[in-house]
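Descriptive structure summary
Next come the chains, spelled out residue by residue.
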Amino acid sequence: MTGNMRGYAIEKDGSRRIVTVPIPKPGPYQALVKIEACGVCNGTDIKLAHQNFKNFSTYPALLGHEAVGSIVELGEKVSSFRTGDRVTLPFGEDTAGYYSGWGGYSEYGLVGDIAAIQADGLTPDSPYWSESYFAQNLVPASLTSAEATMIVTFREVLGGIKNFGMTPGKRIVIFGAGPVGLIFTKLLSLSGVEEITVLDLVPEKAQRALQHGAKHAFCSAGQDAAALVRDIYPDGVDMVLNAVGVSAIINTAMSLIVPGGKICCYGISPNLQMNLDWSRAPYNWGLQFEQWPSKIQEGEQHKQICGWIESGQLVPSQYISEEIPFEEIDRAFDMIEQKKTDLKNVIVF
């Protein structure tokens, strides 16, 4: 397929706009995907738009990394996909002066057939190899494409849970009941963790966490967070999760953990430095940053996530605020900037 398509870009001056770029051409191990929906990431996309995403400086850039679409064209070496298959995570490549900020808010993207690449004996040093291909998987037929975009976040969070070592029997406090904090709550509950406490500055968001598996939930606005938690767990908790990207939470969390406890920070904070005061921490404690799992790890979570979805235990639509036409994509970003949405906005084409 040849011709042009629309995409969503951040220009060098920080402005956002819809642009026209060439439709990507699939290589021998790639398939061309007509993108049907792409979730707006309240973390990655917003930080890229503000140009404060860690170690990313290549602008102008095409945004979007939570896309789902249907395959319309196959490279000659592709054997694992068929035309019409719906797949997760189609990405764009650098094109027409625009760098790839993953490029999922475009009308077309590419996926790769990692099984065919490996079958031909190619290794990671091959130009045909990309780790992203491990997370480009088939979508359950029961989901709309907009619902299926949630699989990307679900897989990332489940990978984070495993990398943090959040296991049944742990007492866990989560700061933040936005999309990420709420999904952590749900997936921890599905993974057998029972002692989950959620804190949020908005009462309605905190209460919503109870519906997704939290045992306790509090509005912490104007409250002493440590006192709220210590009232339930006088000896402290095993783990505290910072799910909002506010570095100051690390200092607050120190007074909540037991000896040998851990503070877990998920996602990329725009503030990459802070003063740590560990006078309130136990003598032995840990601090772990998980900015995202590798794409290999993300792909490994796909079967479990789809299993929970197909069994009805995990309902993607519960984490979506609104489906917004691509032509109104600026509105989707503005809603997040103005804090007018608590969950995910999904762009539909």
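Figured I'd write up the structure that's included with this text. It should be emphasised that the depicted structure is a prediction, and the values quoted were computed from it without experimental measurement. Residue numbering note: each chain is counted from 1, following its sequence as written. Local features are withheld for residues below a pLDDT of 70 in this predicted model, meaning they are given only at 70 or higher, and side-chain atom pairs are given and counted only at 80 or more; totals for whole chains, interfaces and linings count all residues. Side-chain figures throughout are based on the complete set of non-hydrogen atoms in the structure, without hydrogens or water.

Let us look at the overall build of the protein chain. The numbering of helices and of strands both runs from the N terminus, where a helix is a DSSP run of H or I of at least 4 residues and a strand a run of E of at least 2. Along its length, the protein chain carries 11 helices and 16 strands. For the radius of gyration, the atom set is restricted to C-alpha positions; the globular benchmark scales as 2.2 Å times the number of residues to the power 0.38. The C-alpha radius of gyration of the protein chain comes to 21 Å, within 12% of the 20 Å expected for a compact globule of 349 residues. Out of the 349 residues in the protein chain, the part that is buried amounts to 55%. When checking whether two residues touch, look at their non-hydrogen atoms; a contact exists if any pair is within 4.5 Å. Contacts spanning at least 24 positions in sequence make up 69% of the contacts within the protein chain whose residues lie at least 6 apart. Categorising residues by exposure relies on relative accessible area from a 1.4 Å probe, with only protein chains included: less than 20% of the type maximum marks a residue as buried, more than 50% marks it as exposed, and the intermediate range marks it as partly exposed.

The next thing to look at is the layout of surface pockets. One simple way to see leftover space: roll a probe sized like a water molecule over the atoms. In this structure, the second largest pocket encloses a volume near 270 Å³. Here a cavity denotes grid points, spaced 1 Å and computed from the protein atoms alone, that fit a 1.4 Å probe unable to get out, and a pocket denotes an open set having protein on both sides within 12 Å along at least 5 of 7 lines; residues with an atom within 4 Å of a point are the lining. Taken together, 19 residues make up the lining of the second largest pocket; nearest its centre are S247, I250, S269, N271 and F289. Sorting the residues of the lining of the second largest pocket by element identifies β13 (257-266) and β14 (285-290) as the ones contributing at least two each. Classification used: nonpolar for Ala, Val, Leu, Ile, Met, Phe, Trp, Tyr, Cys and Pro, charged for Asp, Glu, Lys and Arg, polar for all others including Gly. A class-by-class count of the residues in the lining of the second largest pocket yields 10 nonpolar, eight polar and one charged. Grid points are joined across faces, edges and corners, and a volume is the space filled by probe spheres set on the points.

Moving on: the side chain of Q30. With respect to the secondary-structure elements, Q30 resides in strand β3 (residues 30-39). Judged by its relative accessible area of 9%, Q30 is buried. Within the structure, the side chain of Q30 is placed 2.8 Å from the backbone nitrogen of G27, a separation counted as a polar contact. Not counting residues within four places of it along the chain, the set of residues in contact with Q30 comprises K25, L74, G75, V78, E93, L110, V111, G112 and Y133. In protein, a polar contact requires one atom able to donate a hydrogen and another able to accept it; more generally it is a pair of N or O atoms within 3.5 Å, and residues adjacent in sequence count only if both atoms are side-chain atoms.

Moving on to helix α5 (residues 179-190). For a helix, the expected span equals 1.5 Å multiplied by the residue count minus one. For α5, built from 12 residues, the straight-helix expectation of 16 Å at 1.5 Å per residue is met to within 8% by its first-to-last C-alpha distance of 16 Å. For α5, the tally of buried residues reaches nine of 12 residues, placing the bulk of the element in the interior.

Our focus in this paragraph is the packing of aromatic side chains. Side-chain rings of Phe, Tyr and Trp (the six-membered ring for Trp) are treated as a pair once their centres are within 6.5 Å; stacked means planes under 30 degrees apart, edge-to-face means over 60, and tilted covers the remaining angles. Across all of its chains, the model carries 14 aromatic pairs by this definition. Centroid distance W102 to W292: 6.2 Å. Interplanar angle 90°. Geometry classified as edge-to-face. You can see W102 sitting in the loop between β7 (99-100) and β8 (108-112) and its partner W292 sitting in the loop between β14 and α9 (295-300), a full 190 residues away along the chain. On the basis of relative accessibility, which here comes to 39%, the residue W292 falls in the partly exposed class. Each ring, one from F326 and one from F349, has its centre 4.8 Å from the other, and the planes form 20°; the classification is stacked.

Geometry only, nothing functional implied.
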